[in-house]
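Spelled out from the first residue to the last, the chains are:
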Amino acid sequence: MANSSSLALLPPPSSSHLNTQFALRSSLFSSPLHININNNNNGFSFRPIKPRSPVPVLSLQQRPSKATVVTGQSWNASVLNSKTPVLVEFYASWCGPCQMVHRVIDEIAAEYAGKVKCYVLNADKDPRITEEYDIKAVPIVVLFKNGEKCESVVGTMPKEFYVAAIERVLSSSSS
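This is a predicted model, so every value here is computed, not measured.

**Topic: the packing of aromatic side chains**
(1) Moving on: Under the criterion given, the structure shown has 4 aromatic pairs.
(2) Moving on: Ring centres of Trp75 and Tyr133 lie 5.4 Å apart, and the angle between their planes is 50°; this geometry places the pair in the tilted category. One end of the pair, Trp75, is in helix α1 (residues 75–80); the other, Tyr133, is in the loop between α3 (127–132) and β7 (140–145), and 58 residues separate them in sequence.
(3) Moving on: Between the aromatic rings of Trp75 and Phe144, the centroid separation amounts to 5.5 Å while the plane-to-plane angle is 85°, which identifies the pairing as edge-to-face. One end of the pair, Trp75, is in helix α1; the other, Phe144, is in strand β7, and 69 residues separate them in sequence.
(4) Moving on: Ring pairs connect the aromatic residues Trp75, Phe90, Tyr133 and Phe144, which therefore count as one cluster.

This is the structure:
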C-alpha cells in the first residue's frame, strides 16, 4: 500500500541554477522544513522553518461593543418586554458582512442611546430565536416595538437604511 503523503523533489530545469531552495510542508513532518539543494556536490540540508506568529483577528466577541449581547435566556426581558423600541442584529461569528453591519449598529447604538435599545444575537448559538422569527440568512437587523417585530433590514446596507427603519419605528411609537 502506497503512502498518500509522498514527496518528489525534481532537479532544477537548467544547470544555471546551482543552488535550489524548497519550502516543504507535508504531513510527514511535524513542522515545515526548508530544504537547500546544492547541485555542485549533490548535497542537501534541512532546517526547520520558523513558524510565523498568528495574525490576530478581531471578532465581534473580542472588541467592545455599544450593542449588548442578547441570548435566548434574556430575550423576553430584553426584547419582548421592553417599553423602548429594540433593534436586534442577528449575526454569525463566521460572517464577514456581519462584522461590517456590526460597526454600523455600534454607531447607531451610540447615536440613539435612550431612544432605541440595540442588541446583537448570535444566530448559531440561539437557533430557537432564529427559527421563531424565520431568520434564514445573516446579517439581518430586526426592529421590535412593544414586543412585536415591525421592521427588518436584510443584508449589508448603508447606515441610512437602518436609520430610516429606526425613524419609522420611532414615529409610529409616538402616535
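**Examining the state of the cysteines**
(1) Moving on: Applying the stated criterion across every chain, the model contains 1 disulfide.
(2) Moving on: One disulfide bridge connects Cys95 with Cys98, the sulfur atoms lying 2.5 Å from each other. The sign of the 85° torsion about the S-S bond sets the Cys95-Cys98 disulfide as right-handed.
(3) Moving on: For Cys95, a relative accessible area of 5% gives the class buried.
(4) Moving on: Assessed through its relative accessible area of 2%, Cys98 is described here as buried.

**A closer look at the pairing of strand β5 (residues 86–91)**
Regular strands show a simple pattern: their side chains alternate between the two faces of the sheet.
(1) Moving on: Across the 6 residues of β5, 6 count as buried, placing the element largely inside the fold.
(2) Moving on: Burial along β5 is two-sided: the residues Val86, Val88 and Phe90 and Leu87, Glu89 and Tyr91 are all buried.
(3) Moving on: Across 6 bridges, β5 lies against strand β6 (residues 117–122) in parallel orientation. Pairing of Phe90 across the sheet is with Leu121, part of β6.
(4) Moving on: Tracing the backbone out of β5, into helix α2 (residues 96–111) and back to the parallel element β6 gives a crossover that is right-handed.

**Quick notes on the environment of Thr68**
(1) Moving on: With respect to the secondary-structure elements, Thr68 resides in strand β4 (residues 68–69).
(2) Moving on: Separated by 41 residues in sequence, Thr68 and Ala109 have C-alpha atoms that sit 9.3 Å apart.
(3) Moving on: Thr68 has contacts with Cys118, Tyr119 and Val120, leaving out every residue within four places of it along the chain.

**Observations regarding the nonpolar core**
(1) Moving on: Ranked by internal contacts, the top residues of the largest apolar core, which has 23 residues, are Leu87, Ile105, Ile108, Val116, Cys118, Tyr162 and Ile166.
(2) Moving on: Of all the elements in the fold, those that place two or more residues in this core are β5, α2, β6, β7 and α4 (159–173).
(3) Moving on: With 6 residues, the single largest contributor to this core is α2.
(4) Moving on: Membership of the second largest hydrophobic core comes to 14 residues, among which are Val79, Val86, Phe90 and Ile135.

**Regarding the confidence of the model for the chain**
(1) Moving on: Confidence along the chain averages 78 in pLDDT terms, with 62% of residues attaining 70 or more.
(2) Moving on: Predicted confidence for residues 1–31 stays below pLDDT 50, and this span has 37 contacts to residues more than four positions away or in other chains.
(3) Moving on: Every residue in residues 55–62 scores below 50 in pLDDT, and together they form 7 contacts with partners more than four places removed in sequence or on other chains.

**As for the pattern of salt bridges**
(1) Moving on: On inspection of all chains with the given rule, the structure shows 5 salt bridges.
(2) Moving on: One salt bridge connects Arg128 with Glu132, and the closest N-O pair in it is separated by 3.4 Å. Residue Arg128 and its partner Glu132 are both found in helix α3; the two are separated by 4 residues, about one turn of the helix.
(3) Moving on: Accessibility expressed as a relative area gives 47% for Glu132, which makes it partly exposed.
(4) Moving on: Measuring nitrogen to oxygen at the nearest pair gives 2.9 Å for the salt bridge that ties Arg168 to Glu151. Highlighted residues: Arg168 in helix α4 and Glu151 in strand β8 (residues 148–154), separated in sequence by 17 residues.
(5) Moving on: Several salt bridges converge on common partners, so that one network encompasses Glu107, Glu111 and Lys159.

Cut-offs and rules
Residues numbered from 1 in each chain as written. Predicted model: local features only at pLDDT ≥ 70, side-chain atom pairs only at ≥ 80, totals over all residues. Heavy atoms only, no water. Phe/Tyr/Trp six-rings, centres within 6.5 Å; stacked < 30°, edge-to-face > 60°. Helix = DSSP H or I, 4+ residues; strand = E, 2+ residues; numbered from the N terminus. Disulfide = S-S within 2.5 Å. Buried < 20%, exposed > 50% of the residue type's maximum accessible area, 1.4 Å probe, protein only. Pairing = 2+ DSSP bridges. Right-handed = clockwise from strand over helix to strand, strands pointing away. Contact = heavy atoms within 4.5 Å. Core = buried A, V, L, I, M, F, W, Y, C linked by side-chain atoms within 4.5 Å. pLDDT = per-residue confidence, 0-100. Salt bridge = Lys/Arg side-chain N within 4 Å of Asp/Glu carboxyl O.

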